[in-house]
Amino acid sequence: MPDLFDHAMNERMKADSPLAARMRPRTLEEYIGQEHIVGEGKLLRRAIEADRLFSSIILCGPPGTGKTTLAQVIANQTKSHFETLSAILAGKADLREVIDRAQERNRLYKQRTILFIDEIHRWNKAQQDALLPFVENGIVTLIGATTENPFFEVIKALVSRSRIFQLRNLNQTEVGLLLDRAISDPERGYGTRNIDLTREARAHLVDMATGDARNALNALELAVESTPADENGLIHITLDVAQESIQRRAVLYDKDGDAHYDTVSAFIKSVRGSDPDAALYWLAKMLYAGEDPRFILRRLIILAGEDIGLADPMGLVIASTAANAFDFIGLPEGIYPIVEATLYLATAPKSNSAGAYFKAMQLIEQEGAGSVPKHLQDGNRDREATGQGKDYIYPHEKIGHFTPQQYLPKRLLGTYFYTPSAEGYESQVTSRLEMWREAQKKALGIESERRLPDLPQEKIDDLKRNIK
């Protein structure tokens, strides 16, 4: 009797499940989208159909693209025992129980175990390390699902032992097919009801779902369940109903995830690339998704120093002032100084000559730091006894407020780190800097120049990490 009650309860739970859960595909034939990995003849499809999934896999991609669904399709197809864990809810003790069952199953029946771990990036390194030996010795075949980049969020040892499959957002045709199937399916969908989904309403649901199947089906369910039938039993889903059912477009944006970093990257690269329109678009996406405006302003201040530099010294002033103005105003009006700073920096002349600092830093790293010339040393302590600072010439007492004298260690004389760009204000620097350098070479007898080449960005990033 308990089995009958359990069966009845399970059937009732299935019937009461959300539409997106009820419509989850059960076979590869029902699966929509991701043709690049499960299309006819593709490696993963062949492995699933032949029940030959021996190596572990990690499925990564945005929400609603079918990662969990694909795992369930594999579960329905395989003769292996299929176990499921949610990394959000399960810990090492739960994993230990699964492993114990898998070892017993293998020992007694020679049956393999496939372990699906949803949101695997939620497990910390210690939890992932605990799984590794059993993936390595084949006790379980892992299917991991994650919305994050597995190369960053999953330990390297697991990644190296798995095939990575990246799922993409569904296109509008595929989302439309899912909606049509849900309306017509009499067993799991709304095929037993009389529903009229207008063309405009369907197009709106497809468009606003932004490739997320779950989002589209949830909106359809809300529209159907909240709309009373007319006297003829017809549920009429108009554009107005569809708009109410999915009022706010879903924006993939986890502040600790890939979408966050990718969007910020696109924003900064658009400003650096002098495209104000693209910069405004990515700015709007970040603010729409709830990004902290102060984070954006900090990035703009960094960009003003790194990418605008002396081509327009006002860039740093504008960015810093925008940050102060936002703190004074707050939202929503505080958006204006953020936008002003974004537009100013996007349309300003660009120079990354401030990166000359890292040439000096690399030289010190390679050759060591030179001693400070005696005439540049602090003469306030004991100038008469030590001669520190004794022969220093005060430039402001000379014509043009300049006098040629030694400022670098002697072995580095003639070494030039900084090369002004030809952009904006900085273009005016070149002529007077060359004049000063020539005067210095003549006064100090410098016979050769050493102009250090620009550093690749990868090297600059490495040097930044060494800044304390």
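That block above? That's the structure.
Rules behind the numbers
- Residues numbered from 1 in each chain as written.
- Predicted model: local features only at pLDDT ≥ 70, side-chain atom pairs only at ≥ 80, totals over all residues.
- Heavy atoms only, no water.
- Helix = DSSP H or I, 4+ residues; strand = E, 2+ residues; numbered from the N terminus.
- Buried < 20%, exposed > 50% of the residue type's maximum accessible area, 1.4 Å probe, protein only.
- Contact = heavy atoms within 4.5 Å.
- Areas by Shrake-Rupley, 256 points an atom, 1.4 Å probe, with all protein chains shown as cover.
- Salt bridge = Lys/Arg side-chain N within 4 Å of Asp/Glu carboxyl O.
- Polar contact = N/O pair within 3.5 Å; in protein donor to acceptor, adjacent residues only side chain to side chain.
- Pairing = 2+ DSSP bridges.
- Axes fitted to C-alpha atoms, helices over the stretch in contact; angles between N-to-C directions.
- Expected span 1.5 Å × (residues − 1).
- Phe/Tyr/Trp six-rings, centres within 6.5 Å; stacked < 30°, edge-to-face > 60°.
- Lys NZ or Arg CZ within 6 Å of the ring centre and 35° of its normal.

### Quick notes on the overall build of the chain
Okay, step 1: Summing up its helical and strand segments, the chain has 22 helices and nine strands in all.
Okay, step 2: Considering only C-alpha atoms, the chain reaches an extent of 105 × 60 × 40 Å along its principal axes.
Okay, step 3: Out of the 468 residues belonging to the chain, those deemed buried represent 42%.
Okay, step 4: Sequence-distant contacts in the chain: of pairs separated by 6 or more residues, those separated by 24 or more amount to 73%.
Okay, step 5: Here the chain displays about 26300 Å² of accessible surface, and carbon together with sulfur accounts for 53% of that area.

### Brief notes about the pattern of salt bridges
Okay, step 1: Scanning the entire structure with this criterion turns up 26 salt bridges.
Okay, step 2: Residue Lys125 pairs with Asp129 through a salt bridge whose shortest N-O separation is 2.8 Å. Highlighted residues: Lys125 and Asp129, both in helix H7 (residues 125–136), separated by four residues, approximately one helical turn.
Okay, step 3: In this structure Asp129 comes out as partly exposed when scored by relative accessible area, which is 30%.

### Details of the side chain of Asp185
Okay, step 1: Checked against the element boundaries, Asp185 lands in the loop between helix H10 (172–184) and strand E6 (194–197).
Okay, step 2: Among the polar contacts made by the side chain of Asp185, one reaches the main-chain amide nitrogen of Glu187 at a distance of 2.8 Å.
Okay, step 3: Of note is the side chain of Asp185, whose polar atom sits 3.0 Å from the backbone nitrogen of Arg188.
Okay, step 4: In this structure, Asp185 is in contact with Met23, Tyr190 and Gly191, ignoring residues within four places of it in sequence.

### Digging into the sheet that holds strand E1 (residues 56–60)
Okay, step 1: With parallel pairing, five strands are arranged side by side in an open sheet as E2-E3-E4-E1-E5. Two strands close off the open sheet at either side, each with one partner strand: strand E2 (81–86) and strand E5 (162–166). Here the strands of the sheet are splayed against their neighbours by 15° on average, with no regard to which way each runs.
Okay, step 2: By the bridge criterion, six bridges tie strand E3 (residues 113–118) to strand E4 (residues 140–146) in an arrangement that is parallel. Counterpart to Phe116 in the pairing with E4 is Ile143.
Okay, step 3: The strands that H7 touches are E1, E3 and E4; relative to E4, the one it contacts most, it runs at about 135°.

### Looking at helix H19 (residues 356–367)
Okay, step 1: For H19, built from twelve residues, the straight-helix expectation of 16 Å at 1.5 Å per residue is met to within 8% by its first-to-last C-alpha distance of 17 Å.
Okay, step 2: Among all positions of H19, only Ala356, Phe358, Lys359, Met361, Gln362 and Leu363 are buried.
Okay, step 3: Where H19 is buried, its residues touch strand E8 (415–416), strand E9 (450–451) and helix H22 (457–465).
Okay, step 4: Positive phi shows up at Gly368, right after H19, with a value of about 85°.

### Some remarks on the packing of aromatic side chains
Okay, step 1: All told, the structure shown has three aromatic pairs when counted by the stated rule.
Okay, step 2: Plain terms: the ring middles of Tyr281 and Trp282 are 4.9 Å apart, the flat faces sit at 80° to each other, and that makes the pair edge-to-face.
Okay, step 3: Residue classification places Tyr281 among the exposed residues on the basis of a relative accessible area of 53%.
Okay, step 4: Overall, the relative accessible area of 24% leaves Trp282 in the partly exposed class.
Okay, step 5: Ring geometry for Phe402 against Trp436: centres 5.7 Å apart, planes inclined by 25°, an arrangement best described as stacked. Here the residue Phe402 occupies a position in the loop between helix H20 (383–386) and E8, and Trp436 occupies one in helix H21 (residues 429–444), the gap between them amounting to 34 residues.
Okay, step 6: We classify Phe402 as partly exposed; its relative accessible area is 25%.
Okay, step 7: Just above the ring of Tyr190 sits the side chain of Arg22; from NZ or CZ to the centre is 5.9 Å.
Okay, step 8: Directly above the aromatic system of Tyr416 lies the positively charged group of Arg437, at a separation of 4.3 Å from the ring centroid.

### Quick word on the environment of Ala443
Okay, step 1: Residue placement: Ala443 occurs in helix H21.
Okay, step 2: What makes Ala443 partly exposed here is its relative accessible area of 48%.
Okay, step 3: With 115 residues separating them along the chain, Ala443 and Phe328 place their C-alpha atoms 52 Å apart.

### Some remarks on the pairing of E4
Okay, step 1: For E4, the tally of buried residues reaches seven of seven residues, placing the bulk of the element in the interior.
Okay, step 2: Alternating positions in E4 separate into two faces, Val140, Leu142, Gly144 and Thr146 on one and Thr141, Ile143 and Ala145 on the other, with burial throughout.
Okay, step 3: For E1 and E4, the ladder comprises four bridges, and the chain directions are parallel. From the neighbouring strand, Cys60 faces E4, where its bridge partner is Thr146.

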